[in-house]
Amino acid sequence: VRVGQFLTIFLCLAKQDDILSSMQTFAAFRLRYINEWNSIIDKNHKDNTSPRLWFIRIFIPNILKFSQGILVLSASFIIIVQTENLTSLLRGLTAYFVLSSIDNFLMELSHRGYFGNHLRDKSIEVRNVLYEDFNDETNFILRRSVFFFLWFSMVMGWLYVVIGQTSLTFMATMYPECGMNDLSPMGNGMCDIEYNRFECGFDDGDCVKVNYFLENCRVEDPFLIMDGICNGGQYNTRVCAFDGGDCYDFNSKYPNCTVEEPVRVGNGICDDDSNSLECGWDGGDCDKDGTD
């Protein structure tokens with residue numbers, strides 16, 4: 001997962017062009033008398049070199065574009081550091097690419113005439129306007145410098161989060177009153193009863209579902225509930241929601257079979273305690289006459 005997170009940071013930066021393009025536009029049109037200003041701003045405007053027109057036509061659109069790029073990168077960073085598996089990481093990365101491409105997608109639709117002939121003509125006019133950019137060397141330095149700065153910032157932030165998560169520093173900060181020396185079991189996906197209290201965030205959220213749905217269920221090992229395995233005895237009762245739903249299939253197949261270990265029924269070995277008609281002769285592991 002960590003390797004995937006690191007590579008995703010690089011991919012997000014490689015895909016992000018709003019920040020750099022807005023900075024280049026600001027630099028290219030820093031003066032109001034260069035770069036085919038009349039064609040780009042408004043060739044029919046009487047005072048197309050006014051500061052007000054520059055603010056409206058250059059500053060506002062590009063500051064919004066720059067802000068969009070920053071917000072998208074910030075959102076992608078949060079998704080990356082909070083992802084716990086590769087599937088969620090790929091899902092978040094896909095969503096990032098879709099969101100960051102919406103403006104380009106709309107521009108392409110306008111160019112193809114889906115929003116009317118007026119917007120189509122304007123989009124064609126915009127694409128046909130050429131202006132002098134930086135020379136190749138300056139452009140190269142700017143692009144690499146901005147890319148490296150953003151990459152370095154995101155990687156340092158990512159390392160800070162990873163170290164905090166690995167060393168359990170964040171966990172100790174979140175639950176200073178937990179009072180447990182070992183915080184590693186918290187947030188591992190299993191409800192640990194000794195951490196199932198308010199001071200420990202109900203095992204950092206692992207026990208929230210168990211506490212909500214099974215308020216009156218009192219079992220020795222609550223982490224066994226909803227673990228994907230049907231546990232018998234006190235777990236497979238109505239008050240414990242039949243082991244949190246894990247025993248639904250077993251109970252529907254053998255409604256009158258009450259054994260301590262339902263997982264042993266039909267495991268290929270004949271067990272005496274489930275060798276009965278109610279248990280389907282141990283799920284077929286034993287002969288109907290009660291012998292192996």
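The following refers to the structure shown. As the structure is a prediction and not an experimental result, all values here were calculated from the model.

We now examine the state of the cysteines. Structurally, a disulfide amounts to a covalent bond that connects the sulfur atoms of two cysteines. Per the counting criterion, the structure on display carries five disulfides. In this model, Cys-230 is linked to Cys-247 through a disulfide, with the two sulfur atoms separated by 2.1 Å. Its torsion about the S-S bond being 105°, the disulfide of Cys-230 and Cys-247 is classed as right-handed. Of the two residues, Cys-230 is situated in the loop between α11 (208-213) and α12 (241-244) and Cys-247 in the loop between α12 and α13 (248-253); the sequence distance between them amounts to 17 residues. For Cys-230, a relative accessible area of 11% translates into the label buried.

All told, the structure shown has five salt bridges when counted by the stated rule. Ionic pairing is found between Glu-199 and Arg-197, a salt bridge with its closest N-O pair at 3.8 Å. Take Glu-199: its relative accessible area is 36%, and that puts it in the partly exposed class. Classification of Arg-197 by relative accessible area gives partly exposed; the value is 28%. We note a salt bridge from Arg-264 to Glu-261, for which the minimum N-O separation is 3.4 Å. Owing to a relative accessible area of 33%, Arg-264 belongs among the partly exposed residues under this scheme.

Turning our attention to a nonpolar patch on the surface. Judged by side-chain polarity, Val-98, Leu-99, Ile-102, Phe-105, Leu-106, Tyr-114, Phe-115 and Leu-119 come together as a nonpolar surface patch covering roughly 820 Å² of accessible area. Mapped onto the nonpolar patch, the elements with two or more residues apiece are α5 (86-100) and α6 (102-111). At three residues, α6 tops the list of elements feeding residues into the nonpolar patch. Here Phe-115 shows up in the loop between α6 and α7 (117-128).

Counting residues in each nonpolar core, the largest one holds 20 residues, and the members touching the most others are Ile-9 and Leu-73. Of all elements in the fold, only α1 (2-15), α2 (18-28), α4 (51-82), α5 and α8 (136-166) reach the threshold of two or more residues within this core. Per-element accounting of this core gives the leading share, seven residues, to α8. The residues touching Leu-73, leaving out its near neighbours within four places in the chain, are Cys-12, Leu-13, Gln-16, Ile-19, Tyr-96, Leu-150 and Met-154. In this structure, Cys-230, Cys-247, Val-259 and Cys-279 belong to the second largest nonpolar core, which totals eight residues.

About the cut-offs
- Residues numbered from 1 in each chain as written.
- Predicted model: local features only at pLDDT ≥ 70, side-chain atom pairs only at ≥ 80, totals over all residues.
- Heavy atoms only, no water.
- Disulfide = S-S within 2.5 Å.
- Helix = DSSP H or I, 4+ residues; strand = E, 2+ residues; numbered from the N terminus.
- Buried < 20%, exposed > 50% of the residue type's maximum accessible area, 1.4 Å probe, protein only.
- Salt bridge = Lys/Arg side-chain N within 4 Å of Asp/Glu carboxyl O.
- Patch = residues over 30% accessible without salt bridge, like charges linked within 9 Å, V, L, I, M, F, W, Y side chains within 5 Å.
- Areas by Shrake-Rupley, 256 points an atom, 1.4 Å probe, with all protein chains shown as cover.
- Core = buried A, V, L, I, M, F, W, Y, C linked by side-chain atoms within 4.5 Å.
- Contact = heavy atoms within 4.5 Å.

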